[in-house]
Amino acid sequence: IVSSKGGINRAEIIKYLKERPYTANQLAEVLKLDYTTVRYHLKVLQDNNVVSGVGKKYGETYYLTPQMEANYKIFEEIMEKMNLERIRKE
């Protein structure tokens, strides 16, 4: 997530899904991103077993997978470290 192009957007999606389930359209609205972009990032996250979706294609609701939920603390630590490194560079 951290070193990949679009990683920041995927990290934001993960943070939102930690709070509650969202549809792609809802995520696009709160993140102020294009719907197609959000769908792309959700696909990448699904392929990597980070999120899963339930429902029909256009009304699909996304959740963090149990595996991601179990490792969320590690995700937070990585994000904290990346923010500190970015601040140091500025």
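Residues numbered from 1 in each chain as written. Predicted model: local features only at pLDDT ≥ 70, side-chain atom pairs only at ≥ 80, totals over all residues. Heavy atoms only, no water.

Caption draft 1: Up close: the overall build of the protein chain. Helix and strand counts for the protein chain stand at 5 helices and 3 strands. Relative to its 90 residues, the protein chain shows a buried fraction of 30%. In the protein chain, of all internal contacts separated by at least 6 residues, the share reaching a separation of at least 24 is 45%. Accessible area of the protein chain: about 6200 Å², with a carbon and sulfur share of 52%. (Helix = DSSP H or I, 4+ residues; strand = E, 2+ residues; numbered from the N terminus. Buried < 20%, exposed > 50% of the residue type's maximum accessible area, 1.4 Å probe, protein only. Contact = heavy atoms within 4.5 Å. Areas by Shrake-Rupley, 256 points an atom, 1.4 Å probe, with all protein chains shown as cover.)

Caption draft 2: Summary view of the nonpolar core. Among the nonpolar cores identified, the biggest contains 20 residues, and Ile 14, Leu 17, Leu 27, Leu 42 and Val 51 are the most heavily contacted of them. Mapped onto this core, the elements with two or more residues apiece are helix H1 (7-19), helix H2 (24-31), helix H3 (35-47), strand E3 (61-64) and helix H5 (72-89). (Core = buried A, V, L, I, M, F, W, Y, C linked by side-chain atoms within 4.5 Å.)

Caption draft 3: Highlighting the pairing of strand E2 (residues 51-54). Sheet topology places E2 next to E3; 4 bridges connect them, and they run antiparallel. Residue pairing for E3: Val 54 is matched across the bridge by Thr 61. Counting the residues between successive antiparallel strands, the hairpin from E2 to E3 contains 6 residues, one of them, Gly 55, with a positive phi of roughly 115°. (Pairing = 2+ DSSP bridges.)

Caption draft 4: The arrangement of the pairing of E3 in detail. Where burial is concerned, the two faces of E3 differ: the one with Tyr 62 and Leu 64 is buried and the one with Thr 61 and Tyr 63 is not. As paired elements, strand E1 (residues 22-23) and E3 share 2 bridges and run antiparallel to each other. By the bridge assignment, Thr 23 is partnered in E3 with Thr 61.

Caption draft 5: Inspection of the confidence of the model for the protein chain at higher detail. When the pLDDT values of the protein chain are averaged, the result is 89; 89% of them are 70 or greater. Mean pLDDT across the secondary structure elements of the protein chain bottoms out at H5, with 76, and peaks at E3, with 98. (pLDDT = per-residue confidence, 0-100.)

Caption draft 6: How the structure looks around H3. When the terminal C-alpha atoms of H3 are compared, their 18 Å separation across 13 residues agrees well with the 18 Å that a helix rising 1.5 Å per residue should span. Of all the residues in H3, the buried ones are Val 38, His 41, Leu 42, Val 44 and Leu 45. An end-on view of H3 places all buried positions within 160° of arc, on one side of the element. The exposed set on the far side of H3, more than 90 degrees from its buried face, consists of Thr 36, Tyr 40 and Asp 47. Where H3 is buried, its residues meet H1, H2, E2 and E3. By the N-cap criterion, in which a side-chain oxygen at the helix start approaches the backbone nitrogen of a residue two or three places on, H3 is capped by Asp 34, the distance to Thr 36 being 3.0 Å. The first or second residue beyond H3 is Asn 49, which carries a positive phi of 60°. (Expected span 1.5 Å × (residues − 1). Arc of directions from axis to C-beta. Polar contact = N/O pair within 3.5 Å; in protein donor to acceptor, adjacent residues only side chain to side chain.)

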